[in-house]
Every structure is written in C-alpha cells, then in structure tokens.
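Working through the structure, step by step
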Amino acid sequence: MDSGLSDQETGKRRIPLALKILIAGGFGVGKTTLVGAVSEIRPLQTEEVLTDAGAGTDDLYGVEGKQTTTVAMDFGRITINEDLQVYLFGTPGQDRFWFLWDELAFGALGAVVLADTRRLADCFPSVDYFERRGIPFVVGVNCFDGAKRFGVEAVRSALDLDPDVPVVLCDARNRQSGKVVLVALVEHVAARRAERVAAT
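Quantities reported herein were computed from a predicted structural model and do not represent experimental measurements.

**Digging into the nonpolar core**
Core analysis: the biggest nonpolar cluster contains 25 residues, and L22, V113, F130, F137, V139, L159 and L161 have the highest contact counts within it. Those elements giving two or more residues to this core turn out to be β1 (17-25), α3 (101-105), β5 (110-115), α4 (124-133), β6 (137-142) and α5 (152-159). Apart from residues lying up to four places away in sequence, F137 is in contact with A111, V113, V127, F130, E131, L161, V165, P166, L185 and H188. Core analysis: the second largest hydrophobic core is formed by 21 residues, I78, V168, V181 and L185 among them.

**Comments concerning the packing of aromatic side chains**
Within the structure shown, the criterion is met by 6 aromatic pairs. Each member of the aromatic cluster is reached from another via a ring pair, and the members are W101, Y129, F130 and F137. Taking NZ or CZ as reference, R118 lies 4.4 Å from the ring centre of F144, over its face.

**Things to note about the pattern of salt bridges**
Under the criterion given, the structure shown has 8 salt bridges. Close ionic contact of E40 with R77 constitutes a salt bridge, the shortest N to O distance being 3.0 Å. In this pair, E40 sits in the loop between α2 (31-38) and β2 (44-49) while R77 sits in strand β3 (residues 68-81), placing the two residues 37 residues apart along the sequence. Classification of E40 by relative accessible area gives partly exposed; the value is 36%. The partner of E153 in a salt bridge is R156, with the nearest N and O atoms 3.4 Å apart. With a gap of 3 residues between them, E153 and R156 both fall in helix α5, about one helical turn apart.

Parameters and conventions
Residues numbered from 1 in each chain as written. Predicted model: local features only at pLDDT ≥ 70, side-chain atom pairs only at ≥ 80, totals over all residues. Heavy atoms only, no water. Core = buried A, V, L, I, M, F, W, Y, C linked by side-chain atoms within 4.5 Å. Buried < 20%, exposed > 50% of the residue type's maximum accessible area, 1.4 Å probe, protein only. Helix = DSSP H or I, 4+ residues; strand = E, 2+ residues; numbered from the N terminus. Contact = heavy atoms within 4.5 Å. Phe/Tyr/Trp six-rings, centres within 6.5 Å; stacked < 30°, edge-to-face > 60°. Lys NZ or Arg CZ within 6 Å of the ring centre and 35° of its normal. Salt bridge = Lys/Arg side-chain N within 4 Å of Asp/Glu carboxyl O.

Set out below in structure tokens:
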C-alpha cells in the first residue's frame, strides 16, 4: 500500500541507478586525463612508471614525455542527481592488457574512443572492438597542443566510421569539454534505442 510518503520521509535509502561508460583508445591518448577531469571524486588510477623493459612494446611516438601508463583501469564517478550516477572506466591502452577489456566492457552503456590525430591508427582496435560487440560509441578527438587540427568529417573518413557515429573535438584536460563528449554518447545511445523501438 502506498503511504504517500517519500523515501526520505520513511527513512528508506534510495539506491541510485548506475550507468557504466568506458573510456578507451590507444596508448597515451588521454584516457586517464579525461577520467580525472570529469570525475567528481578523486579517480582510482592504476598507473605504473614506464621502464626500459617496455621499450620494445610501448610506442612513444608523439607522446615522448609520457612517464606512466595504466596497467588495469581508471575509475571515476559523476552524480547526475540522487537517482542517477555515471561510473567511468578507463581501459588500458597497450595490447598486452587487452584481456581486461571483456571484463570492463560487461554491462557498459557505451564507450568513448579517444583519438589522437598524430597516431590515429592507434584507435582502430578500440573502434573494431566496440563495432564487433554492438556497443554504442562516440569518437572524441583529443586536440593536443601543437598537433595538426583536422575536421570532424576528415576524422570520420580516416576511421571509416558509420555515418551515425558521433565524432566530437575535445580537450581531455577540460572538465566541460569532457562532459560534452559524454553527453554526445548518452544522446547517441538514446537515439539508437529509439530507432530500435520504432522498428518493432
């Protein structure tokens, strides 16, 4: 029987709905930076110092100043309101950590694939991963200082993306810019679901 009282008035603790979003992309593209920029909590990071042992496998072209790398995941959180929270999981970028991706991707609403125009080919594996599994994604082009700028359609063509996949220019260091990318993903997911409903 409905008492007409709110959960707060009855003393019940409301459990918010949680949405899971992956932040993916190649090595050194800015995944850890993006999670840290938009998270309302201090993000959980599994960063380790790059050593000479990885010299033969970690390609530092374009990110020569990079000194650490994610070896498991990054984790952050955004509270939309008391009923909705967004959990962000940043994936490791190197091939040798790909075995973690299936676990991280389980139950995900969708993904952001970060791209660096200096190393655009590095995000092909991420694009392929989400396309093969039917996981909605957007491409966020992280505009690094000093990197040549390319338009959205040029990036779309270079990555051979479907016309409905959003491509957003962003600065992973900037909280508001990161939020624009996340909003684009949520809108993309909603549009895909609306299309499926309309087709049934």
